[in-house]
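One-letter residues, chain by chain:
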Amino acid sequence: MAVTGDSAVFCRRIITNGSDVSSKNWVFRVSANPLRFGFNAEKLKGSKVKIGVRAAVELGVSKSLEGSLGLDVVIEGELREKGFLGLRKTKLVCTIGPACCSFEDLERLALAGMNVARFNMCHNTREWHRDVIRRIKRLNEEKGFCVSVMIDTEGSQHVIDHGAPSSVKAEDGSIWLFTTEKFEGSRPFTVQANYEGFSEGIVVGDELVIDGGMASFEVIEKIENGLRCKCIDPGLLLPRAKLSFWRNGKLVEKNQDLPTLSTKDWSDIEFGISERVDFIAMSFVNDADAIKQLKNYLSAKTPKPIRVLAKIESLESLHKLEEIVEVSDGIMVARGDLGVEIPLEQIPAVQQKITHVCRQLNKPVIVASQLLESMIEYPTPTRAEVADVSEAVRQYADALMLSGESAIGSYGQKALSVLRMTSSRMELWSREENQQNGLQQRQLGQSLPDVIAEQICNCSVEMANNLGVDAIFVYTKHGHMASLLSRNRPCPPVFAFTNDDSTRMAMNLQWGVMPFLVDLSDDMEANISKTIDLMKTKGMVKEGDAVLVVSDAIPSCGNPNVFQSIQVKTIV
Ligand SMILES: Nc1ncnc2c1ncn2[C@@H]1O[C@H](COP(=O)(O)OP(=O)(O)O)[C@@H](O)[C@H]1O
Ligand SMILES: C=C(OP(=O)(O)O)C(=O)O
Ligand SMILES: [K+]
Ligand SMILES: [Mg+2]
């Protein structure tokens, strides 16, 4: 039974994994055309059936819907081993690079708790990214992990390069030429800027700062194609360094003329769509329009929702923080480039502000860059790094990210363990200190149903904390109810049941939410008893466990009533 597509996937497993498919007509959705097949399971048992890529993904969902909970194997294992309160709430993102890209490396990261794999499109070839993304998908499919895939756009950046393969030292008082002239190789005391007009608007006396403080220069003369500068703060110039200009202690903003999405970014986005990634993180977002543009494009282009994250890494984006957060599906505090545009000592306060705004506006937030930088080279972190990670967890960031530590470092897996242990420890401490309820929630909803959903979630968390239940169960189509619960940072974990695979993958970035992929019907009571039975059979809940169940379902049978409820159930 060959369907379209060139990738071979075998559906033998769905037939032999114990599910009864004999009486079903399976619908394989290929692009917009549903193809309906009826087949006899007995006849097919053990035979290899070739189907297309898209059909395979749909089939992956169908497979999970039959008698399975579609919960990540690592979370399942932790639940059995450590119980409900032992589940880590803070999510972990790893940048994938040459040091961790084999199937075995990726499996080790998944086992060590990676929730999201990030692909930085600045580096390496598209073929490399394609192969490694497919490895992650295969890992999920074959080994029962649930690792989401994020691509991170290159964006348009102002960079300079001295042309030498490694770093070059700039001595105090030395005179350097920064030029847009193109030449091969390197010339002494000469640095190439990658864009015309880099010196436009710059005046003699301005300060040119490399990589947020690696070295600084004073502009002493404007010349054709560039600037002559004197080093006033000696240091290192790395290949492809970033630069910023300062006047009277203030940044001279020069990013506005660059497009947020370059031609290369658009083709990377096409690539992301075709590889069915879960998240696209957009670099150097300056306002809400860029995010809206991409979201509109994606919703017209692909039926599978892809979540769009805005990276906050420019001064401009800080001025427009709220409008950006409102239209995005999540935020990354990209401290690397942010540190080029604002003084480093301001970063901790800015991080705190961004995480706060994201929580208020109910958007997941990732704290990124240099969390465990020293572990690129050393097998143990500095105490200061552990303190930085702990602070992000204390602020209730949804997720923490590794960059070079996993992409090129020798101790990526160990770095991930440090994130895992540190976040678990800090979460426990926060719980013991009873700091959970610190935040006064701003009302988000405009319509009555939205306000009701929000109130139900706020009250549910308060009840769950007060009653000391073991877990909160929520049934959610797009993940909205789950996010409203997560926003309240409850003590018990939120088990979020959805029948939408893209929702499940998106919930991987949400604090304290454990995503499940299950078959859901319009009968909410049946959904609840079915999932509880299934979890009991699998030993994930047991007699005496107490769960608080939140449901919000709009019956599709023409009944306009919204059925919402909070129930507390003791497993019998
Ligand atoms: N896909 C990749 N292929 C090769 N090297 C990579 C890849 N992704 C990341 N790296 C390396 O890891 C380093 C840290 O990653 P990241 O912080 O994402 O990038 P950047 O340093 O460009 O901001 C990069 O500087 C680069 O050397
Ligand atoms: C995460 C960041 O972006 P990138 O690694 O793509 O520069 C950052 O600047 O901190
Ligand atoms: K990037
Ligand atoms: Mg950046």
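See the structure shown above.
Let me begin by describing the structure that accompanies this report. Treat the numbers as computed from the prediction; the structure is a model and nothing was measured.

Criteria and thresholds
- Residues numbered from 1 in each chain as written.
- Chains lettered and ligands numbered in written order.
- Predicted model: local features only at pLDDT ≥ 70, side-chain atom pairs only at ≥ 80, totals over all residues.
- Heavy atoms only, no water.
- Helix = DSSP H or I, 4+ residues; strand = E, 2+ residues; numbered from the N terminus.
- Buried < 20%, exposed > 50% of the residue type's maximum accessible area, 1.4 Å probe, protein only.
- Contact = heavy atoms within 4.5 Å.
- Areas by Shrake-Rupley, 256 points an atom, 1.4 Å probe, with all protein chains shown as cover.
- Phe/Tyr/Trp six-rings, centres within 6.5 Å; stacked < 30°, edge-to-face > 60°.
- Lys NZ or Arg CZ within 6 Å of the ring centre and 35° of its normal.
- Near = heavy atom within 4 Å.
- Polar contact = N/O pair within 3.5 Å; in protein donor to acceptor, adjacent residues only side chain to side chain.
- Nonpolar A, V, L, I, M, F, W, Y, C, P; charged D, E, K, R; others polar.
- Donors = N, O, S within 2.8 Å, 3.2 Å for Na, K, Ca; no water.

Our next topic: the overall build of the protein. Looking only at helices and strands, one finds 19 helices and 25 strands in the protein. Taking all 572 residues of the protein together, the buried fraction comes to 55%. The long-range share in the protein, meaning contacts at least 24 apart out of those at least 6 apart in sequence, stands at 70%. With the model as given, the accessible surface of the protein reaches about 24,900 Å², and the carbon-plus-sulfur share is 51%.

For any pair of aromatic rings, the description consists of the separation of the ring centres together with the inter-plane angle of the planes. All chains considered together, the criterion is met by 14 aromatic pairs. Between the aromatic rings of tryptophan 266 and tyrosine 297, the centroid separation amounts to 5.0 Å while the plane-to-plane angle is 70 degrees, which identifies the pairing as edge-to-face. A residue pair is termed long-range when its members are at least 10 positions apart, and tryptophan 266 in helix α7 (residues 263–274) and tyrosine 297 in helix α8 (residues 288–301) qualify at 31 residues. Aromatic rings pair up to connect Phe84, Phe473, Tyr475, Phe495, Phe497 and Phe516 into one cluster. Its end group placed over the ring of phenylalanine 183, arginine 187 keeps NZ or CZ at 4.1 Å from the ring centre.

Moving on, we get to the environment of isoleucine 280. Note on placement: isoleucine 280 falls in strand β16 (residues 279–282). Separated by 26 residues in sequence, isoleucine 280 and isoleucine 306 place their C-alpha atoms 7.0 Å apart. Setting aside its immediate chain neighbours within four residues, isoleucine 280 contacts Ile151, Thr153, Ile269, Leu294, Leu298, Ile306, Arg307, Val308 and Leu309.

Moving on to the site of ligand 1. Not every one of the 14 residues close to ligand 1 is listed here, only the nearest: Pro98, Arg118, Asn120, His123 and Asn124. The side chain of asparagine 120 places a nitrogen or oxygen atom 2.8 Å from an oxygen atom of ligand 1. A distance of 2.9 Å is found between a nitrogen atom of ligand 1 and a side-chain nitrogen or oxygen belonging to asparagine 124. Relative to its unbound accessible area of 530 Å², ligand 1 is 71% covered by the protein chains. Of all elements in the fold, only β4 (116–120), α6 (126–143) and α14 (404–407) reach the threshold of two or more residues within the shell around ligand 1. Its residues assigned to classes, the shell around ligand 1 comprises 5 nonpolar, 8 polar and 1 charged.

Those protein atoms acting as donors to the magnesium ion (ligand 4) are Glu313 (OE) and Asp337 (OD), and they sit at 2.0 to 2.1 Å. Between the two metals, the magnesium ion (ligand 4) and the potassium ion (ligand 3), the spacing is 5.5 Å. With glutamate 313 in the loop between β17 (307–312) and α9 (315–319) and aspartate 337 in helix α11 (residues 335–341), this residue pair connects regions lying 24 residues apart in the sequence. Like glutamate 313, the residue aspartate 337 is buried in the burial classification.

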